[in-house]
Amino acid sequence: MANECCDFRFLLIVAAVAFIYLQLRLFSTQSEYADRLAAAVESENHCTSQMRLLIDQISMQQGRIVSLEEERKHKEEECTQLKALVKEFERKGLQRMINKEQVPVAAVVIMACNRADYLERTIKSVLKYQSAVASKYPLFVSQDGSNQDVKSKALSFDQLLYMQHLDSEPVHTDRPGEMIAYYKIARHYKWALDQLFYKHNFNRVIILEDDMEIAPDFFDYFEATATLLDKDKSIMAVSSWNDNGQKQFVHDSYELYRSDFFPGLGWMLTKSTWDELSPKWPKAYPC
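Residues numbered from 1 in each chain as written. Predicted model: local features only at pLDDT ≥ 70, side-chain atom pairs only at ≥ 80, totals over all residues. Heavy atoms only, no water.

The name given to the protein chain in an unreviewed UniProt entry is Alpha-1,3-mannosyl-glycoprotein 2-beta-N-acetylglucosaminyltransferase, and the organism recorded there is Tripterygium wilfordii. What the UniProt record of the protein chain gives under Sequence similarities (unreviewed entry) is the line "Belongs to the glycosyltransferase 13 family." (UniProt positions renumbered as here; feature names shortened; annotations may be inferred.)

Structure (structure tokens):
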């Protein structure tokens, strides 16, 4: 009987120890799960916070996009209004310079770039004789580039219309060592002539460079030769320049020479000729 009581108590002790061990294991497991759950909750809260931050950033970016889009539309509207205003000024300028009852003989364009002092001298030389025939020969200055001195000088004359050619496209020469200036000049000439023939719709254009002074009979000469261009389609251009035109070499001041050498430097061509030349205008060395 004593042995049975001893065995029973031993079993109770073993059972108690096992129970305590199981409780400790259960507590340890519960603590581990609780830590993991807390870490998961913390991670979820962090993700939620980051997501809200991203949502706020996206909302701010969307707001900026909407603002920029509205600003772009506003700028486009301003640009459209400015273009319309420029066209209106050009129209009024042409109406002021051209008598509606007088069909112009030719537009006169002075090609300029960055020589303000030369340009002023040329403009004054032209105006000296053009003022009396302004309705027959509307005067333009076409500037290649953005030299401010040249632009200011051209705009200081009310008797002419100003055009500006801005070309940011890079130049690729055909041969190494070539000067890109010749390519830029070719682009400027094509742009200016396209403007005068196709935008302003002149039938003839006289081209001058910005370092020239004209003779007293300059406009009489071109008015007389304009009919030659109209009647004889084999004449490409009429030029007022003669390399050998010094007094000691001229025997007849009324005689004209037909040549297959193009002298340039103060020359007139027709719209029909430009219709042929414009599509195949060279990239460099145009004249």
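J.: Give a detailed account of the overall build of the protein chain, specifying residues and quantitative values.
T.: The number of helices and strands found in the protein chain is six helices and six strands. Counting helices and strands in the order they occur from the N terminus, the protein chain gives α-β-α-β-α-β-α-β-α-β-β-α. Buried positions account for 28% of the 287 residues belonging to the protein chain. Looking at the protein chain alone, contacts between residues at least 24 apart form 72% of all its contacts between residues at least 6 apart. (Helix = DSSP H or I, 4+ residues; strand = E, 2+ residues; numbered from the N terminus. Buried < 20%, exposed > 50% of the residue type's maximum accessible area, 1.4 Å probe, protein only. Contact = heavy atoms within 4.5 Å.)

J.: Residues and numbers for helix α2 (residues 116-130), please.
T.: Along its 15 residues, α2 runs 20 Å from first to last C-alpha, staying within 8% of the 21 Å computed at 1.5 Å per residue. All buried positions along α2 are accounted for by Ala116, Leu119, Thr122, Ile123, Ser125, Val126, Leu127 and Gln130. Here the buried face of α2 lies against β1 (107-112), β2 (139-144), α3 (148-155), β4 (204-209) and α5 (218-231). (Expected span 1.5 Å × (residues − 1).)

J.: An account of helix α4 (residues 180-199) is requested, with residue identities and associated values reported.
T.: The end-to-end C-alpha distance of α4 is 27 Å, a good match for the 28 Å that 20 residues give at a rise of 1.5 Å each. What α4 keeps buried is the set Tyr183, Ala186, His188, Tyr189, Ala192, Leu193, Asp194, Gln195, Leu196 and Phe197. Taken together, the buried residues of α4 touch β1, β2, β3 (161-165), β4, β6 (267-270) and α6 (271-277).

J.: Quick one: what's the story with the sheet that holds β2, residue by residue and with numbers?
T.: The six strands are arranged β3-β2-β1-β4-β6-β5 in an open sheet whose pairing can be described as mixed. Only two strands of the sheet have a single neighbouring strand rather than two, namely β3 and β5 (238-239). As paired strands, β5 and β6 are joined by two bridges and run antiparallel to one another. Opposite Val238, over in β6, you have Met268 as the bridge partner. Where α4 meets the sheet, it contacts β1, β2, β3, β4 and β6, and its direction lies at approximately 135 degrees from that of β3. Contacting β1, β4, β5 and β6, α5 runs over the sheet at an angle of about 30 degrees to β6. (Pairing = 2+ DSSP bridges. Axes fitted to C-alpha atoms, helices over the stretch in contact; angles between N-to-C directions.)

J.: How would you summarise the pairing of β3 if you had to cite specific residues and measurements?
T.: Counting buried residues along β3, four of its five residues qualify, which places the element largely inside the surrounding structure. As for the winding sense of the linkage, the β-α-β connection from β2 through α3 to β3 is right-handed. (Right-handed = clockwise from strand over helix to strand, strands pointing away.)

J.: I'd like to hear about the pattern of salt bridges, residue by residue, with values.
T.: Applying the stated criterion to the full structure yields 15 salt bridges. Across the salt bridge formed by Lys153 and Glu120, the nearest N and O atoms sit 3.5 Å from each other. With Lys153 in helix α3 and Glu120 in helix α2, this residue pair connects regions lying 33 residues apart in the sequence. One salt bridge in this structure joins Glu213 and Arg121, with 2.4 Å as the shortest N-O distance. Residue Glu213 is found in the loop between β4 and α5, and its partner Arg121 is found in helix α2; the two are separated by 92 residues along the sequence. On the basis of relative accessible area, Arg121 is assigned to the exposed category, the value being 57%. (Salt bridge = Lys/Arg side-chain N within 4 Å of Asp/Glu carboxyl O.)

J.: Could you give an account of the environment of Ile180, with specific residues and numbers?
T.: If you trace the backbone, Ile180 turns up in helix α4. Separated by 10 residues in sequence, Ile180 and Pro170 place their C-alpha atoms 9.5 Å apart. For Ile180, the contacting residues outside a window of four places in its chain are Val171 and Thr173.

J.: Tell me what's going on with unusual backbone geometry, and back it up with residues and numbers.
T.: Located in the positive-phi region is Asn201, a residue other than glycine, with phi close to 65 degrees. Tracing the backbone through its elements, the reader meets Asn201 in the loop between α4 and β4.

J.: Outline a nonpolar patch on the surface, listing residues and values.
T.: A cluster of nonpolar side chains, namely Met179, Tyr182, Ile185 and Tyr285, defines an oily patch on the protein surface of about 400 Å² accessible area. Exposure remark for Ile185: the relative accessible area of 39% places this residue in the partly exposed category. (Patch = residues over 30% accessible without salt bridge, like charges linked within 9 Å, V, L, I, M, F, W, Y side chains within 5 Å. Areas by Shrake-Rupley, 256 points an atom, 1.4 Å probe, with all protein chains shown as cover.)

J.: So what about the nonpolar core? Which residues, and what values?
T.: Counting residues in each nonpolar core, the largest one holds 31 residues, and the members touching the most others are Tyr137 and Val141. Broken down by secondary-structure element, the contributors of at least two residues to this core are β1, α2, β2, α3, β4 and α5. Residues Ala186, Phe202, Val205 and Ile207 belong to the second largest nonpolar core, which totals 19 residues. (Core = buried A, V, L, I, M, F, W, Y, C linked by side-chain atoms within 4.5 Å.)

J.: Give me the packing of α2 against α3: which residues, what numbers.
T.: Orientation of α2 relative to α3, taken along the N-to-C sense of each, is 20 degrees, at an axis distance of 9 Å. Compared by their axis directions, α2 and α3 come out roughly parallel. Once α2 is placed against α3, the crossing between them reads as right-handed. Here Ala116, Leu119 and Glu120 of α2 come into contact with α3, specifically with Asp149, Val150, Lys153 and Ala154. (Parallel < 35°, antiparallel > 145°, perpendicular 65-115°, else oblique. Left-handed = near helix turned anticlockwise from the far one by under 90°.)

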